[in-house]
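Listed below, chain by chain, are the residues.
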Number of protein chains: 2
Amino acid sequence: MTLKNPLDMHLHLRENPILKCVAPHSIRNFRAAVIMPNLVPPVCDLTRLKDYKTQILQADEDENFTPLMTLFFKDYDEKFLQNIKDEIFAIKLYPAGITTNSQAGVSSFELEKLKPVLNAMSELEIPLLVHGETNDFVMDREQNFAKIYELLAKNFPKLKIVMEHITTKTLCELLKDYENLYATLTLHHLMLTLDDVLGAKLNPHLFCKPIAKRYEDKEALCELAFSGYSKIMFGSDSAPHPREQKECCGCAAGIFSAPVILPLLAELFEAHSNLENLQKFISDNACQIYHFNFKKDKIISLEKQEWQVPSHYGELVPFMAGELLKFQIKNVD
Amino acid sequence: MTLKNPLDMHLHLRENPILKCVAPHSIRNFRAAVIMPNLVPPVCDLTRLKDYKTQILQADEDENFTPLMTLFFKDYDEKFLQNIKDEIFAIKLYPAGITTNSQAGVSSFELEKLKPVLNAMSELEIPLLVHGETNDFVMDREQNFAKIYELLAKNFPKLKIVMEHITTKTLCELLKDYENLYATLTLHHLMLTLDDVLGAKLNPHLFCKPIAKRYEDKEALCELAFSGYSKIMFGSDSAPHPREQKECCGCAAGIFSAPVILPLLAELFEAHSNLENLQKFISDNACQIYHFNFKKDKIISLEKQEWQVPSHYGELVPFMAGELLKFQIKNVD
């Protein structure tokens, strides 16, 4: 089983020293990844962006990985965007306070306020990536954001809008209603519901935002992914936190899935779908949406051989720690 | 502000050494408490019951506390129940595997199977206390159990059935539909929703079963309690686990509220209701339902004086640890 140019369209690499621990997992196995900008302070200017990109590239020994850099959404003016356009892949919008390091995010979705920057992004063809949650009851936050996605999709028809890490049936349906709406989907939301987080005992390592939802939501997500639906792209949202921030009282949100992504996706797609659809989900759909054209390809070979996920990588506990997986990566070419 | 004969109609005291740490909080401030039987092994026979009662009474220095003992529900025969009747207050039914130490619980609610024991309980006037959750999706477990409560209430009209620690609007409404249905309500479910457990960071000390639900559920519960509704009784479900079992990966369900109950209830009722209704909720309703008549009364005086809840009692982290409360217990008479 081989995969050509796997892409992680939503990735948190953090900064040193966590970056040094986690980046190799993604750099080795993916051709490119969209790098999230919610650092402290957030990535909001060219200097910070270039510094961060340098940090990432220093971890790339094989020089066959493209970090697709993003800016933290603000009311940037058009001139700034023109200047920075070639250095960035997209801009990521966070509602204020909705997840890790998002305090500086958007606190009001008044159209008049957003128009200047979103019109400029439309004209410059800069995609808008959105963490779509309101501040409502935790199980309603994503579906209640649907009306804001609709507002954006209707008013900025030329803007490419990506609904990041979708978790609900509501957004699966919305995706089909607007031509300019796209979505990323994580590995863990294909596998989890709220029952896994707290249905039996409480599992802090499965606590993430958006929180895993109901069985019918998971089914809708699986249907989109396993069918290879063209507007959905893989984005891991792999989001490491040191163990003491996961297991202490007041645990941080985020699942560190990077070390297990391709083997686990192969196992899931083998059970529910077929390899061609995994190739679409992991790469081809995004290549088509963004017209990617990589100078040098990266081919990942997977073989069926059981291995046990380590209990931890340094300070970090990975998704599926200690579990047996059926596939492992044999070769990267 | 005084309270006469406070009753905790749902309490977990565990066994030594946890019992020694937690029991004084309840024994000092309550006239009586219904003691849950989900120990390892569960309380299923007279010897175990008497031993456990002795353990509890050894912690009672003032000899003005009545432990109302319960048996773990099984298909007991009528003769056994006749013999043990005077030693027990009620029998507690757990669906199998639904909460801490409930593996030996009921795995099927076929009426024919339950009839012999429930008919015997009806005749002997032994109340049935029920942990009402199915094995469905965690947010639906209680409301999906409503049909089982209805089945029991209809088929055993003379049986006193108590829906324990209710958390949903559905059961608040059901309570009014059947004369022989009653309910207990915890302190923490008057204060929490799922947002408090995982809406921001994850808080293992607020993880309990049934899990806290939606805002509209909490509102329905508050309305019943604050209005002094006659079929609802206070039951803390105070359920201590040592800190390492709460904060580790795979945290156990249960909130240890015993040290803060009366001060916090006084604060809530002062803000939303009046003292008379607190007296109903904390004692009078249960006295009326069960025709309690205590030989010696216990009067608790509370005064308005701020205090800070300790961060821990031995190995145990209490509900509201480190928070400032407005009332404190001045005197027990």
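Residues numbered from 1 in each chain as written. Chains lettered and ligands numbered in written order. Predicted model: local features only at pLDDT ≥ 70, side-chain atom pairs only at ≥ 80, totals over all residues. Heavy atoms only, no water.

Draft legend 1. Representation of helix 1 (residues 18–29) of chain A. Buried within helix 1 of chain A we find I18, L19, V22, A23, H25, S26, I27 and N29 of chain A. Lining the buried residues of helix 1 of chain A we find strand 2 (7–11), helix 2 (46–58), helix 11 (261–272), strand 10 (299–308) and strand 11 (324–332) of chain A. (Buried < 20%, exposed > 50% of the residue type's maximum accessible area, 1.4 Å probe, protein only. Helix = DSSP H or I, 4+ residues; strand = E, 2+ residues; numbered from the N terminus. Contact = heavy atoms within 4.5 Å.)

Draft legend 2. Geometry of the packing of helix 11 of chain A against helix 12 (residues 275–290) of chain A. Residues and elements named next belong to chain A. Their axes nearest at 10 Å, the elements helix 11 and helix 12 cross at an angle of 140 degrees. Taken together, helix 11 and helix 12 sit at an angle that is classed as oblique. Read as a crossing pair, helix 11 and helix 12 show a hand that is right-handed. Note on element contacts: helix 12 touches helix 11 through N277, L278, F281 and I282, opposite L262, L265, A266 and F269. Each residue belonging to the contact of helix 11 with helix 12 can be placed in one class, and the counts come to seven nonpolar, one polar and no charged. (Axes fitted to C-alpha atoms, helices over the stretch in contact; angles between N-to-C directions. Parallel < 35°, antiparallel > 145°, perpendicular 65-115°, else oblique. Left-handed = near helix turned anticlockwise from the far one by under 90°. Nonpolar A, V, L, I, M, F, W, Y, C, P; charged D, E, K, R; others polar.)

Draft legend 3. Representation of the UniProt feature "modified residue: N6-carboxylysine" (unreviewed entry) in chain A. All names here are of chain A. In the numbering adopted here, UniProt assigns the feature "modified residue: N6-carboxylysine" (unreviewed entry) to K92. Inspection of the secondary structure assignment puts K92 in strand 5 (residues 90–93). Beyond its immediate chain neighbours, meaning those up to four positions away, K92 contacts H10, M36, P37, L71, F72, F73, L129, V130, H131 and E164. (UniProt positions renumbered as here; feature names shortened; annotations may be inferred.)

Draft legend 4. Looking closely at the interface of chain B and chain A. On the side of chain A, 29 residues touch chain B, which itself brings 29 residues to the contact. Among the residues chain B hides against chain A, the three largest losses belong to F137, L198 and L202 of chain B. Together they make up 28% of the total. On inspection of chain B and its partner chain A, the count reaches four salt bridges. Between D140 of chain A and R214 of chain B there is a salt bridge; the shortest N-O distance is 2.8 Å. Between the two partners, chain B and chain A, sit 14 residue pairs in polar contact (both at pLDDT 80 or more). Looking at the side of chain B that touches chain A element by element, the count peaks at four residues for helix 7 (residues 194–198) of chain B. A class-by-class count of the residues in the side of chain B that touches chain A yields 15 nonpolar, five polar and nine charged. (Buried area = accessible area lost by both parts, 1.4 Å probe. Salt bridge = Lys/Arg side-chain N within 4 Å of Asp/Glu carboxyl O. Polar contact = N/O pair within 3.5 Å; in protein donor to acceptor, adjacent residues only side chain to side chain.)

Draft legend 5. Inspection of the pairing of strand 3 (residues 32–35) of chain A at higher detail. Residue and element names in this part refer to chain A. Judged by which residues are buried, strand 3 turns out to be covered on both faces: A32 and V34 on one side and A33 and I35 on the other are all buried. Alignment of strand 2 against strand 3, held across three bridges, turns out to be parallel. Along strand 3, the bridge assignment pairs L7 with A32. Crossover connection from strand 2 via helix 1 to parallel strand 3: handedness right-handed. Bridging between strand 3 and strand 4 (residues 66–72) involves four bridges; their strand directions are parallel. By the bridge assignment for strand 4, V34 is matched with L68. (Pairing = 2+ DSSP bridges. Right-handed = clockwise from strand over helix to strand, strands pointing away.)

Draft legend 6. Broad picture of the pattern of salt bridges. Summed over all chains, the structure comprises twelve salt bridges over all chains. As a salt-bridge pair, R141 of chain A and D195 of chain B come within 3.5 Å of each other at their nearest N and O atoms. One end of the pair, R141 of chain A, is in helix 5 (residues 141–144); the other, D195 of chain B, is in helix 7, on a second chain.

Draft legend 7. Expanded view of the sheet that holds strand 1 (residues 2–4) of chain B. Residues and elements named next belong to chain B. Strand order across the open sheet formed by three strands is 1-10-11, with antiparallel pairing between neighbours. Both outer strands of the open sheet, strand 1 and strand 11 (324–332), are each paired with one neighbouring strand and no more. For this sheet, the mean inter-axis angle between neighbouring strands, taken without regard to orientation, is 40 degrees. Both strand 1 and strand 10 (residues 299–308) contribute to a ladder of three bridges, which runs antiparallel. Its bridge partner lying in strand 10, K4 is registered against I299. The sheet contacts of helix 10 (residues 261–272) involve strand 1, strand 10 and strand 11, and relative to strand 11 the element is tilted by about 120 degrees.

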